Amino acid sequence: MSDRAKTWLEELKGNWPDDLEPQRQIAISTALTLLDKGITYSQPNRHYIGKDGMPISMDCSSYVTYCLVSAGININPQGYTGTYVHNENFDMFQDRSLLTPGDVALFNNSTSGGSSNHIGMYLGQNDEGREIWIECSGGGILIDKDSNVNISSIRIRNNKGKI
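Being a predicted model, the structure only gives us computed values, none of them experimental.

A. Representation of the overall build of the protein chain within the structure. In terms of helices and strands, the protein chain carries four helices and ten strands. Counting from the amino terminus, the protein chain carries its helices and strands in the arrangement α-α-β-β-β-α-α-β-β-β-β-β-β-β. Going through the 163 residues of the protein chain one by one, you find that 47% of them count as buried. Expressed as a percentage of contacts within the protein chain between residues at least 6 apart in sequence, the contacts between residues at least 24 apart total 52%. Accessible surface, the protein chain: about 8500 Å² in total, of which carbon and sulfur atoms supply 45%.

Encoded structure:
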């Protein structure tokens, strides 16, 4: 994990709920581990893995899926952003006050409107109380601390209910 990622993790952990599930912590740690690894954004090559087993290129949904699956959260089927919308393993909500670190969010980053076309992971709040998100987009793996877009948030379920 890069020094920058370690700094983010340390700050965010200080603001997490005391009972944050280990799977969520692992998913977030995985997301931050990929920061500063030179991963490029590519939809056609989104599942390209290097010799060391680390991803080389990803798109937004393969990035989120990689992080969740590495934490033992089963995402079936694995595919594209719409997979998260139409999946019985998820609850959707739009009240930002319900966000828990490790939740993922769908949003529309197009100026032309339409349905959700992007996904990212909520990391928690920084010391200033701002929402911190991580995503894979045209610039690779990015941390976003100014996410003011309308979102549909997703809470992941397991066979025992919400994680």
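B. Representation of the side chain of S137 in the model. Along the polypeptide, S137 turns up in strand 7 (residues 131-137). Assessed through its relative accessible area of 16%, S137 is described here as buried.

C. Quick peek at helix 1 (residues 3-13). Taken together, the buried positions of helix 1 are occupied by A5, W8, L9 and L12. Relative to the axis of helix 1, the buried residues are bounded by an arc of 100° and lie together on one face. Of the exposed residues in helix 1, the ones pointing more than 90 degrees away from its buried face are D3, T7 and E10. On its buried face, helix 1 is in contact with helix 2 (22-33), strand 6 (118-125), strand 7 and strand 8 (140-144).

D. View of the environment of S57. Note that S57 resides in strand 3 (residues 55-58). For S57, a relative accessible area of 5% gives the class buried. Taking the C-alpha atoms as reference points, S57 and Y41, separated by 16 residues in sequence, lie 5.6 Å from one another.

E. Structural detail: the pattern of salt bridges. Scanning the entire structure with this criterion turns up four salt bridges. Across the pair R4 and D36 runs a salt bridge, and its minimum N-O distance is 2.6 Å. Taken as a pair, R4 in helix 1 and D36 in the loop between helix 2 and strand 1 (40-41) lie far apart in primary sequence, 32 residues in all. Classification of R4 as partly exposed rests on a relative accessible area of 41%.

F. Here's a closer look at the nonpolar core. L32, Y63, M121, L123 and I134 are the most contacted members of the largest nonpolar core, which has 31 residues in total. Going through the elements one at a time, helix 1, helix 2, helix 3 (60-70), strand 5 (104-107), strand 6, strand 7 and strand 8 are the ones with two or more residues in this core. At five residues, helix 3 tops the list of elements feeding residues into this core.

What counts as what
- Residues numbered from 1 in each chain as written.
- Predicted model: local features only at pLDDT ≥ 70, side-chain atom pairs only at ≥ 80, totals over all residues.
- Heavy atoms only, no water.
- Helix = DSSP H or I, 4+ residues; strand = E, 2+ residues; numbered from the N terminus.
- Buried < 20%, exposed > 50% of the residue type's maximum accessible area, 1.4 Å probe, protein only.
- Contact = heavy atoms within 4.5 Å.
- Areas by Shrake-Rupley, 256 points an atom, 1.4 Å probe, with all protein chains shown as cover.
- Arc of directions from axis to C-beta.
- Salt bridge = Lys/Arg side-chain N within 4 Å of Asp/Glu carboxyl O.
- Core = buried A, V, L, I, M, F, W, Y, C linked by side-chain atoms within 4.5 Å.

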